[in-house]
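# What the coordinates show
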Amino acid sequence: MKASAILLAALLLCPSGCLDYGLNPGKMRADCFNRNPGGVSGGNPDAPPEMQLYDTTLYFCAVRFDESYDWQRDTAYGSESFELLLYRDFEPVLSVSSAGSGCVSADFDTHHIIGGHLYTEKSDLSSTVIGRDGVEIIRFEGREFLKGLLPDGEDIYTLSQSRDGEGFSFRKNGEPLLVRSEGRVFGSMVEPSYGATGALYLDEGVPAFCYWTGSGASREFFGVRGGVEQTLRPGATAASSVNDIKFRQGEARTDEIGAPGYRAVNCRLWNFPSDLLTAGYMASGDSYFSGAFSRVSYRVEWICGPEAEVYCSETSAYAVADDRQGGISIFRSGDELMHERGRMFLSPACAVLCGERMFCALSHQEGGGNPEIWEGGEKREVEVHGYVSRVAVEVSPAS
């Protein structure tokens, strides 16, 4: 038997789903405090008093069509009127009509929830419009789509990429700060590891993002932090193997796996105050699986066998997998918690993990069923003729 097979067998038999290499005992992720502690009032009972009381607010947005319209076939794409709804803990708090707003689209990847506000994007052949709660706030020339959207006090930073090819623009309140005619940005508005603001985020209080040019072994990497561009070196990682680069306290980090015998296949970085995780599709020898690697404890957590979308917090890791045969599954530490057929998981933005709580929106592939929000083994219907396009969680001190 090959060593890789023995290693994977040991991983499968390990009750915690983790392997310990003894390189840095550190603190297990299950013992770490989540930056959104516990996700419920009470949080972690072992946490300091100031970290124990937090409230979780669930937000999601949904697209509602007229009952007579077959939105799954969507034969009238772009011309059928719709309503975009924002929900707060399953109660609708905002309704935007496509007929009354010029900054909303029915495309699910153009809806974003940040700080309890609904941000939207819409582009035509010559311009791009950004809206907040149904009202236009930014307009600029060019047919682009958002890679990052970062509200910062009274300012709004945007990072957008051309819909017609390479190149991107970094703007503040619609005014260009940096424009490149080539290059592709790491991250997007739907990649879970980047959070609600997408590829554009704050590192030590300043906006930051990373991008690359070229292809294969000839790729070159760059970072922009606080408006200053710099060349990045991926270290020992081959240029063709880099899937993700993020700034962490001013230092650019890649998605490499430091555990012996493992390699990242399609992974992303998860940046937490007390840990840095590489999570996604990875391999050990000839064996492939979806998992997470902690750079504090040097533990690899096996989540599931198939390639899946991985979600991490400082206390847990889940995965959502599409079996390509009309079935959606949710996994945790090797256990399949849910399997539903006839459902669609529209995008990675349709799920979010907060502490130990996983929320996942599922929409029907056909028929007239309402979309559902899954949490903890239970599903709750959203009464709209349409689909849920994004899920988000806001955590605040308990009231």
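The written sequence of each chain sets the order in which its residues are numbered from 1. Totals for whole chains, interfaces and linings use all residues, but because this is a predicted model, local features are given only for residues with pLDDT of at least 70 and pairs of side-chain atoms are given and counted only at 80 or more. Computation of side-chain values: all heavy atoms of the structure, hydrogens and water removed.

### Some details on the confidence of the model for the protein chain
It should be kept in mind that the predicted coordinates are not to be read in detail where pLDDT is low. A score between 0 and 100, pLDDT records how confident the predictor is in each residue. Averaged over all residues, the pLDDT of the protein chain is 85; the fraction at 70 or higher stands at 85%. The contact definition used throughout considers only heavy atoms, calling two residues in contact when any of these lie within 4.5 Å. The low-confidence segment residues 1-51, where pLDDT is below 50, has 109 contacts with residues more than four positions distant or belonging to other chains.

### A short note on the packing of aromatic side chains
Here a pair means two rings of Phe, Tyr or Trp (six-membered ring of Trp) with centres within 6.5 Å. Their orientation is stacked below 30 degrees between planes, edge-to-face above 60, and tilted elsewhere. For the coordinates displayed, the defined rule picks out 18 aromatic pairs. Relative to Tyr69, the ring of Phe65 has its centre 5.3 Å away and its plane inclined at 50 degrees; by these criteria the two rings are tilted. One aromatic cluster in this structure is built from Tyr157, Phe168, Phe170, Phe209, Tyr211 and Phe222. A ring is scored as having a charge over it whenever the NZ atom of a lysine or the CZ atom of an arginine sits within 6 Å of its centre and within 35 degrees of its normal. Sitting over the face of the ring of Phe140, Arg171 holds its NZ or CZ atom 3.7 Å from the ring centroid. Cation over ring: Arg219 sits above Trp212, and NZ or CZ is 4.7 Å from the ring centre.

### Focus on the sheet that holds strand β3 (residues 83-88)
One bridge is not enough; two strands pair if DSSP finds at least two bridges between them. Each helix is a run of H or I in the DSSP string that is no shorter than four residues. Each strand is a run of E no shorter than two, and both are numbered from the N terminus. The 4 strands lie next to each other as β4-β3-β2-β33, forming an open sheet whose pairing is antiparallel. In the strand order of this sheet, the two ends are held by β4 (91-97) and β33 (386-397), each with one partner. The average angle at which neighbouring strand axes cross in this sheet is 20 degrees, direction not considered. As paired strands, β3 and β4 are joined by 6 bridges and run antiparallel to one another. The residue of β4 that forms the bridge with Leu85 is Ser95. Under this scheme, a helix contributes an axis fitted over its contacting stretch, all axes are lines through C-alpha atoms, and angles between N-to-C directions fall in the 0 to 180 degree range.

### Quick look at the pattern of salt bridges
The rule for a salt bridge is simple: a side-chain nitrogen of Lys or Arg has to be within 4 Å of a carboxyl oxygen of Asp or Glu. Across all of its chains, the model carries 18 salt bridges by this definition. Two residues, Asp164 and Arg143, come together in a salt bridge whose shortest N-O distance is 3.0 Å. One end of the pair, Asp164, is in the loop between β10 (155-162) and β11 (168-172); the other, Arg143, is in the loop between β8 (135-141) and β9 (144-152), and 21 residues separate them in sequence. Residue classification places Asp164 among the exposed positions, given a relative accessible area of 62%. Any residue under 20% of the maximum accessible area for its type is buried, any over 50% is exposed, and the rest in between are partly exposed; the area is computed with a 1.4 Å probe on protein chains only. Relative accessible area serves as the criterion here: at 31%, Arg143 is assigned to the partly exposed category.

### Digging into the nonpolar core
With 30 residues, the main nonpolar core has Phe60, Phe345, Ile373 and Val391 as its most contacted residues. Those elements that place two or more of their residues in this core are β2 (54-64), β3, β25 (317-322), β26 (327-332), β29 (351-354), β30 (357-364), β31 (372-375) and β33. With 5 residues, the single largest contributor to this core is β30. If sequence neighbours within four positions are ignored, Phe345 has contacts with Tyr311, Val320, Ile328, Cys350, Ala351, Cys360, Ala361 and Leu362. By size, the runner-up hydrophobic cluster in this structure holds 16 residues, among which are Val63, Tyr69, Trp71 and Leu86. The term nonpolar core refers to a set of buried residues drawn from Ala, Val, Leu, Ile, Met, Phe, Trp, Tyr and Cys, joined through side-chain atoms within 4.5 Å.

### Concerning the pairing of β30
Most of β30 is tucked away, with 7 of its 8 residues classed as buried. As paired elements, β29 and β30 share 4 bridges and run antiparallel to each other. Within the sheet, the bridge partner assigned to Val352 lies in β30 and is Phe359. Remark: 2 residues form the turn of the hairpin made by β29 and β30, two consecutive strands paired antiparallel; Gly355 in that turn has positive phi of roughly 65 degrees. As paired strands, β30 and β31 are joined by 4 bridges and run antiparallel to one another. Opposite Ala361, over in β31, you have Ile373 as the bridge partner.

### Brief notes about the sheet that holds β8
Sheet architecture is open: 4 strands sit in the order β5-β6-β7-β8, paired in antiparallel fashion. Two strands close off the open sheet at either side, each with one partner strand: β5 (111-114) and β8. For this sheet, the mean angle separating the axes of adjacent strands, direction not counted, is 20 degrees. Bridging between strand β6 (residues 117-123) and strand β7 (residues 127-132) involves 5 bridges; their strand directions are antiparallel. Across the sheet, the residue bridging to Thr120 is Gly131, located in β7.

### Digging into the pairing of β25
Working note: regular strand, side chains alternate between the two faces of the sheet. Summarising burial for β25: 5 of the 6 residues are buried, a large majority. In this structure, strand β24 (residues 309-312) lies alongside β25, joined through 4 bridges in antiparallel fashion. Across the sheet, Tyr311 pairs through a bridge with Tyr318, a residue of β25. The hairpin turn running from β24 into β25, its antiparallel successor, is 4 residues long. Pairing of β25 with β26, which is carried by 4 bridges, proceeds in the antiparallel orientation.

### Observations regarding unusual backbone geometry
Even without a glycine there, the phi angle at Asn173 is positive, about 55 degrees. Within the fold, Asn173 resides in the loop between β11 and β12 (175-180). Unusually for a residue other than glycine, Ser333 sits at a positive phi of about 50 degrees. Residue position: Ser333 is located in the loop between β26 and β27 (335-341). On the accessibility criterion, Ser333 (27% relative accessible area) is partly exposed.

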